[in-house]
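Understanding the architecture of this molecule
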Amino acid sequence: MSKENLLSLLEAGAGEYVSGEEISGKLNVSRTAVWKQVRKLEADGYLIEAVPRLGYKLVGKPSRLSIQELLPKLKTKQFGHQLRLLDVIPSTQDELRRLAEQGAAEGTLVIAEQQTSGRGRMGRHWVSPAGKGVWMSLLLRPPVPLPLTPQLTLLAAVALSRAISRIVPVEIGIKWPNDLLVGGKKISGILLESAAEDERLRYVVVGMGISVNLDAEDYPEELLIKAISLKMATGTIINRSELIVSILEQFEQLYELYLEQGFAPIRSLWEAHSVTLNKQTLLHTPQGPIEGIPRNLDEMGGLRVELADGSFRTIYSAEISENRN
Ligand code: BTN
């Protein structure tokens, strides 16, 4: 028996109790097996009332995002006004790239309830179960030279970190370049994919993944040492629509600031939120490992690392594997 079978029976009960006996009879399983599947549905966000002798009643379903709920809340000028909300797709990155190629406007947003091939940096898989996270991609068409793209990566991290802390009472640290951590564990990742032509940036697809209401069971076990959801960190279910609206507002504000004043204000904000700076760090760069102490960002968005001999190296691409005080 799967939890889907059980759900169909409870839904067919139309708000009435369905007895455990009836369920185990129809699905040909033990009462204990029924109970286990009930717990699974509850972990997925279904509310099920269990009353001895009466059975089980479905009283609430997991929240779903809706355009009708999102759009009236949106106070941005442009970001998110062109919005595509999809149920299950491989990756919001691919869907938005397709729209970008068809000429979609800056600020166009693709959100998915679930991704079947969500991807992260370095070709990693991104866990994106249904209805529990914010899996979305935002289109930018920044009038900046291609080599400045890393600045947008950092901008995105600051925007997300400010947006999340406005909705959820958690302290967020940014691990270079753009992982968001709560208590040292990752709650969000950002993936920038750009399209360029003759050294000119045509557009940037900013993929944002926020693990909002995931439970421990949603993660592969090996990930639990380094990943956490906002629900797991705070013990409360977070309203995803409010979070999305907050992200779009923060993002648009910072993006406007960036286009008006350049990278300097973003750089200060990033440095203030960072948990990477001033710690002995091992960085795996494409050119090999480097050990040193990241001190600040340079004006392009690179990480300035102080080496043992007191000299500095600026890093644009690396994976940080150790970061200690
Ligand atoms: C990372 O930390 O490695 C980046 C993760 C980015 C995940 C998001 S979820 C929405 C968008 N679609 C994807 O396939 N990936 C990004």
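You'll find the structure just up there.
The following paragraphs examine the structure supplied in this document. (Residues numbered from 1 in each chain as written. Predicted model: local features only at pLDDT ≥ 70, side-chain atom pairs only at ≥ 80, totals over all residues. Heavy atoms only, no water.)

**What about helix α6 (residues 149-167)?**
Because the α-helix completes a turn every 3.6 residues, residues three or four places apart line up on one side. Here is the rule we go by: Only DSSP runs of H or I with at least four residues qualify as helices, and only runs of E with at least two residues qualify as strands; both kinds are numbered from the N terminus onward. Helix span, expected: 1.5 Å multiplied by one less than the number of residues in the helix. In this scheme, a residue with accessible area under 20% of its type's maximum is buried, one over 50% is exposed, and one in between is partly exposed, where area comes from a 1.4 Å probe on protein chains only.
An ideal rise of 1.5 Å per residue puts 27 Å on 19 residues; α6 measures up with 28 Å between its terminal C-alpha atoms. Most of α6 is tucked away, with 15 of its 19 residues classed as buried.

**Notes on the pattern of salt bridges**
Here is the rule we go by: When a carboxyl oxygen of Asp or Glu is within 4 Å of a side-chain nitrogen of Lys or Arg, the pair counts as a salt bridge.
Scanning the entire structure with this criterion turns up 18 salt bridges. Between E22 and K26 there is a salt bridge, and its shortest N-O distance comes to 3.0 Å. With E22 and K26 both in helix α2 (residues 20-27) and four residues apart, this pair spans about one turn of that helix. Looking at E22, the relative accessible area reads 36%, which means it is partly exposed. A salt bridge links D179 to K186, with the nearest nitrogen and oxygen atoms 2.9 Å apart.

**A word on the site of the ligand**
Just so we agree on the cut-off: Summary of the distance rule: residues count as near a molecule or strand when at least one heavy atom falls within 4 Å of that molecule or strand. Counting of polar contacts relies on pairs of N or O atoms within 3.5 Å, with two restrictions inside protein: one atom must be capable of donating a hydrogen and the other of accepting it, and residues adjacent in sequence are counted only when both atoms are side-chain atoms. For every accessible area listed, the method is Shrake-Rupley and the probe measures 1.4 Å; residues are considered covered only by the protein chains on display. Within this scheme a cavity is a closed region of a 1 Å grid, computed over the protein atoms alone, that accommodates a 1.4 Å probe without allowing it to escape, whereas a pocket is open but has protein on both sides within 12 Å along at least five of seven lines; lining residues each have an atom within 4 Å of a point. Put plainly, a molecule is in a cavity or pocket when over half of its atoms are within 2 Å of the grid points there. Each residue receives one of three labels: charged for Asp, Glu, Lys and Arg, nonpolar for Ala, Val, Leu, Ile, Met, Phe, Trp, Tyr, Cys and Pro, and polar for the others, Gly being one of them.
Residues in contact with the ligand amount to 20 residues; listed here are only the nearest, S91, Q115, R119, R121 and K186. A distance of 2.6 Å separates an oxygen atom of the ligand from a polar atom in the backbone of R121. Within the side chain of K186, an N or O atom sits 2.6 Å from an oxygen atom of the ligand. Contact with the protein chains hides 98% of the accessible area of the ligand, taken as 420 Å² for the molecule alone. Of all the cavities here, the one that holds the ligand is the largest cavity. Within the shell around the ligand, the residues separate by chemical class into six nonpolar, ten polar and four charged.

**Side note on the side chain of T276**
Assignment of secondary structure puts T276 in the loop between α9 (264-273) and β10 (280-285). Relative accessible area serves as the criterion here: at 0%, T276 is assigned to the buried category. Side-chain polar atoms of T276 contact the backbone nitrogen of W176, separated by 2.8 Å.

**What about the layout of surface pockets?**
Formally: Grid points are joined across faces, edges and corners, and a volume is the space filled by probe spheres set on the points.
Considering only enclosed or pocket space, the largest pocket measures out at about 760 Å³ in volume. In terms of lining residues, the largest pocket is bounded by 32 residues, among which K175, D179, L181, K186 and K226 are the most central. Mapped by element, the contributors of at least two residues to the lining of the largest pocket are β6 (173-175), β7 (179-182), β8 (185-197) and β14 (319-324). Ranked by residues supplied to the lining of the largest pocket, first place goes to β14 with five residues. Residue composition of the lining of the largest pocket, grouped by class: 14 nonpolar, eight polar and ten charged.

**Let's talk about the nonpolar core**
Cut-off, in case you're wondering: Among buried residues, the Ala, Val, Leu, Ile, Met, Phe, Trp, Tyr and Cys ones that are joined through side-chain atoms within 4.5 Å form a nonpolar core. Note that the domain bounds were set by an automatic or database domain assignment. Here a residue-residue contact requires only that any non-hydrogen atoms of the pair lie within 4.5 Å.
Of all hydrophobic cores here, the largest spans 64 residues; its most connected members are I164, V206 and F251. Per element, the largest residue contribution to this core is ten residues, and it comes from α6. The residues that make up this core include at least three from each of domain 2 (67-272) and domain 3 (276-324). In contact with I164, not counting residues within four places along its chain, are V170, I172, L180, I187, I210, L230 and L243. With 13 residues, the next largest nonpolar core counts L6, V34, Y56 and L58 among its residues.

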